[in-house]
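Tertiary structure, described
In case you want the letters, here they are:
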Amino acid sequence: MSELMNKLGLILVGFLLSFSTMAAQPSSQELANSRTWQKLLHLPNGHSHSEITTPGFFLHDDGHKNPEAELTTTLEALKETPQLACRYPARAHWLAQQGAIKPLNLDACDELQKWLNGQSPNAVSVIFADGFLDNPASFYGHMLIRIDNDNADHPRQLLAQSFNFGARVPDDEDPVTYIVKGLFGGYQAAYSTSHFYRYDINYADAELRNLWSYRLATSEAQSRLLIWHLWELLQTDYTYFFTSRNCAYHMARALELVTDGELVSSRDPFVLPSDVIQRLNQAEINGAAAISQRQFIPSRLYQFQQRWQQLEAAEKQTVETWLAQPETADLSFLDEASAVRVSDVLTDFFTYRLSQTRDDEQQQERLQHSKSRLLRARMQQPMGLTHEWRMPQPSAPQSGQDPSLIRIGMQSLNAPGVDSSQQLTLRFRPTYYDVLQPQQGRLANATLTMGELEVGADDTELQLNSLWLLRLHTLNPSVSGLPGDGGASWGLQVGWQRDFLRQSEQRLSPVVSADYGKAYMLAEQWFNLSLRAELRNPTPELGAAIIAPQLEWIGDFPGARSQCRVRYEIDTTNRLNEPLFAGCEIAFHSAENQDIRIALQHQQNTVMQVAWSWYW
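Residues numbered from 1 in each chain as written. Predicted model: local features only at pLDDT ≥ 70, side-chain atom pairs only at ≥ 80, totals over all residues. Heavy atoms only, no water.

1. A look at the overall build of the chain
Counting its regular elements, the chain contains 15 helices and 23 strands. Summarising its shape, the C-alpha atoms of the chain cover approximately 115 × 80 × 45 Å along the three principal directions. Relative to its full complement of 616 residues, the chain shows a buried share of 49%. A separation threshold of at least 6 residues defines the contact pool for the chain, and within that pool the share at least 24 residues apart is 61%. Of the roughly 29500 Å² of accessible surface on the chain, a fraction of 55% belongs to carbon and sulfur atoms. Of the side-chain charges in the chain, 50 are positive and 70 negative, and the distance between the mean point of each set is 1 Å. (Helix = DSSP H or I, 4+ residues; strand = E, 2+ residues; numbered from the N terminus. Buried < 20%, exposed > 50% of the residue type's maximum accessible area, 1.4 Å probe, protein only. Contact = heavy atoms within 4.5 Å. Areas by Shrake-Rupley, 256 points an atom, 1.4 Å probe, with all protein chains shown as cover. Lys, Arg positive; Asp, Glu negative; His and termini not counted. Charge placed at Lys NZ, Arg CZ, Asp CG, Glu CD.)

Structure representation (structure tokens):
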């Protein structure tokens, strides 16, 4: 009897264990409604369709709009064909964690293991590259995702695999077509993958852009889930838009697989890499800060500039002499410490100049010859001597103001022989920044805006004052005065503007203006001497083409930034009554995302404006 009771007890315990296991295992409907499963399908919260339109990404015909059907088909396919996990490792990994399928061995996935190259990634970092004004698609910076290994030999993880996202652009595409098609979805885009050292060379050395690395605070299991998901996304295609559905948007969607909340919204008209970096620094993973570690990776030019400023005057003279007379230059007269410092700075110089002049064979040959002489001279110095350089970090991308602007102001117009008039002005700018905003997290002394609109209202009418499709301007003064180390300034404006300063009738006209010049830095103040050209609709008071030499000054004060410009305009048709323009504007940074602006401009007429700005 006791033996029978024991057997019945064991059967009961087994039944209870089996029941508890079945109860703990979620149903197919629960799995399909899970936000993780829907994120794996890139189905935004509250949306009925996936943002992935590549048919081959889904196993069910309605998988892009029916997550439960896609789940059921995936479960059946993985059970019948386990090697399908090599194509969908993130799905298989997550479903195994939920107990829906048995754990699958990804070691048998030849292509995946070849890609890993024997590494065991256990962490993920997001890489941000500074804005690059030579390429419209990179005006706002760029994002990469790097697959890290804490046991890697190099702290910069140069051999780590990384994911990139970009448009497929023909090599011979002209700039105008490139911009138009990029703005209006004329390109397809996709993920790609390569070792990080390739991106490091391209961005930090070739394009001379500073990089920032943000290590995610993910567990090892979360890191692997994200890595496997990025691998799955290599088979997807997207329609590309420079300002919205770009690298920042789609990489943010992938990162949302591990963040507690969303980083972007499908309703966002503009999504910029710097925006995503800001949001990622404010996001959480598992209830804690999403970023566990930050690292600054200086470009070769930035490294050269910082080291140059730490040289003594005699050492700077030695560098200049070496570059001017490489055949007779020598380091033997220097003490050992100075020789090391000069060698380091010259090495940085040759590295960034070789990158800048890679299309000039003669220049490359001269630079390589001079660099070889430097290496021979350096080898004559005692081995093991190094110098501990200070490397101050610029402000991080996440420290910048929010990109969108609303500005409310009062404008006063005074014209000869006419009573003064006032109007209330409202300016809206979806993105990005101007030169008078705080410089943190931005390209220094630069303006980069798109879609900037201002309307004005007085007692009788509401009118459009300006609509700028693009305003781009940068001052890049040289730190050392050596070749390739900045020094140029340039700008471009395209849009419509009402002329308050030069005409008795303030007509709205299409305007294209551009300038190019030389930038200087003197006593922590910035100066720019340039030549400006302007094209617009001709009127009885103004011709279609205006050329003007221009002097610009930018200065910083505690809690404020100011800009003044003076130019002498030459009307090619001699219709302009008053050629001399002078104007100043100051921004008082009253709060983190606010400022107060006062502007005064004079030419034939005088315009004064006081305004309050809010950035969001």
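Once you've had a look at it, read on.
2. So, the pattern of salt bridges
Following the criterion strictly, the structure yields 31 salt bridges and no others. Salt-bridge contacts for aspartate 148 lead to arginine 215; the nearest nitrogen and oxygen are separated by 3.1 Å. With aspartate 148 in strand S2 (residues 142–148) and arginine 215 in strand S5 (residues 211–216), this residue pair connects regions lying 67 residues apart in the sequence. Of the two residues, aspartate 148 and arginine 215, both sit in the buried class. (Salt bridge = Lys/Arg side-chain N within 4 Å of Asp/Glu carboxyl O.)

3. Quick notes on the side chain of glutamine 603
By the secondary structure assignment, glutamine 603 is in the loop between strand S22 (594–602) and strand S23 (606–615). At 2.9 Å, the side chain of glutamine 603 and the side chain of glutamate 569 are in polar contact. Only 3.0 Å separates the side chain of glutamine 603 from the backbone oxygen of glutamate 578, close enough to count as a polar contact. Excluding residues within four positions of it along the chain, glutamine 603 makes contact with Leu501, Arg502, Glu569, Leu576, Glu578, Pro579, Leu580 and Phe581. (Polar contact = N/O pair within 3.5 Å; in protein donor to acceptor, adjacent residues only side chain to side chain.)

4. Digging into the state of the cysteines
Note on terminology: disulfide describes a covalent bond linking the sulfur atoms of two cysteines. Taken as a whole, this structure holds two disulfides when the rule is applied. Covalently, cysteine 86 is tied to cysteine 109 through a disulfide, its sulfur atoms 2.0 Å apart. Of note, the bridge from cysteine 86 to cysteine 109 carries an S-S torsion of about -80° and is left-handed in sense. Highlighted residues: cysteine 86 in the loop between helix H4 (67–80) and helix H5 (89–97) and cysteine 109 in the loop between H5 and helix H6 (110–116), separated in sequence by 23 residues. (Disulfide = S-S within 2.5 Å.)

5. Description of the confidence of the model for the chain
The pLDDT averaged across the chain works out to 90; a share of 94% of its residues lies at or above 70. Every residue in residues 10–23 is under pLDDT 50, and counting partners more than four places away or in other chains gives zero contacts. (pLDDT = per-residue confidence, 0-100.)

6. Some thoughts on the packing of helix H14 (residues 336–356) against helix H15 (residues 361–379)
Relative to each other, H14 and H15 sit at 160°, their axes nearing to 10 Å. Here H14 lies roughly antiparallel to H15, going by the angle between them. Remark: the crossing between H14 and H15 carries left-handed chirality. Residues Val340, Ser343, Leu346, Thr347, Phe349, Phe350, Thr351, Arg353 and Leu354 of H14 form the contact with H15, whose own contacting residues are Gln363, Gln364, Leu367, Gln368, Ser370, Lys371, Leu374 and Arg378. Of the residues assigned to the contact of H14 with H15, the class counts are seven nonpolar, seven polar and three charged. (Axes fitted to C-alpha atoms, helices over the stretch in contact; angles between N-to-C directions. Parallel < 35°, antiparallel > 145°, perpendicular 65-115°, else oblique. Left-handed = near helix turned anticlockwise from the far one by under 90°. Nonpolar A, V, L, I, M, F, W, Y, C, P; charged D, E, K, R; others polar.)

7. So, unusual backbone geometry
In this structure, histidine 42 is a non-glycine residue whose phi angle is positive, near 55°. Inspection of the secondary structure assignment puts histidine 42 in the loop between helix H3 (35–40) and H4.

8. Description of the packing of aromatic side chains
Going through the model one piece at a time under the given rule, you end up with 25 aromatic pairs. When the ring of tyrosine 178 is compared with that of tyrosine 187, the centres are 6.1 Å apart and the planes differ by 55°; the resulting orientation is tilted. For tyrosine 178, a relative accessible area of 15% puts it in the buried group. Among the residues examined, tyrosine 187 registers a relative accessible area of 3% and is labelled buried. Feature note: the residues Phe165, Tyr178, Tyr187, Tyr191, Tyr238, Tyr240 and Phe242 constitute an aromatic cluster, connected by ring pairs. Above the face of the phenylalanine 57 ring, arginine 91 is positioned so that its terminal group lies 5.2 Å from the ring centre. (Phe/Tyr/Trp six-rings, centres within 6.5 Å; stacked < 30°, edge-to-face > 60°. Lys NZ or Arg CZ within 6 Å of the ring centre and 35° of its normal.)

9. Things to note about empty space enclosed by the protein
The full count for this structure, using the stated rule, is three cavities of 30 Å³ or more. The volume enclosed by the largest cavity comes to roughly 1100 Å³. Around the largest cavity sit 50 residues that line it, and Arg471, Gln493, Gln497, Arg565 and Gln601 are the ones nearest its centre. Sorting elements by how many residues they give to the lining of the largest cavity places strand S14 (residues 462–475) first, with seven residues. Of the residues in the lining of the largest cavity, the class split is 15 nonpolar, 16 polar and 19 charged. Space inside the second largest cavity adds up to approximately 80 Å³. Around the second largest cavity, the lining residues are Arg35, Lys39, His42, Leu43, Pro44, Asn45, Glu51, Arg253, Glu256 and Glu262. The residue inventory of the lining of the second largest cavity, partitioned by class, reads two nonpolar, two polar and six charged. (1 Å grid on protein atoms, 1.4 Å probe; cavity = no way out; pocket = protein on both sides within 12 Å on 5 of 7 lines; lining within 4 Å. Points joined across faces, edges and corners; volume = space filled by probe spheres on them.)

10. Some details on the nonpolar core
Judged by nonpolar contacts, the single largest core of 74 residues is most densely connected at Leu95, Leu216, Leu230 and Leu255. Ignoring sequence-local partners within four residues, the contact set of leucine 255 consists of Val126, Met143, Ile145, Leu216, Leu226, Leu263 and Leu280. Among the nonpolar cores identified, the runner-up in size contains 23 residues, and Trp322, Leu334, Trp389 and Leu482 belong to it. (Core = buried A, V, L, I, M, F, W, Y, C linked by side-chain atoms within 4.5 Å.)

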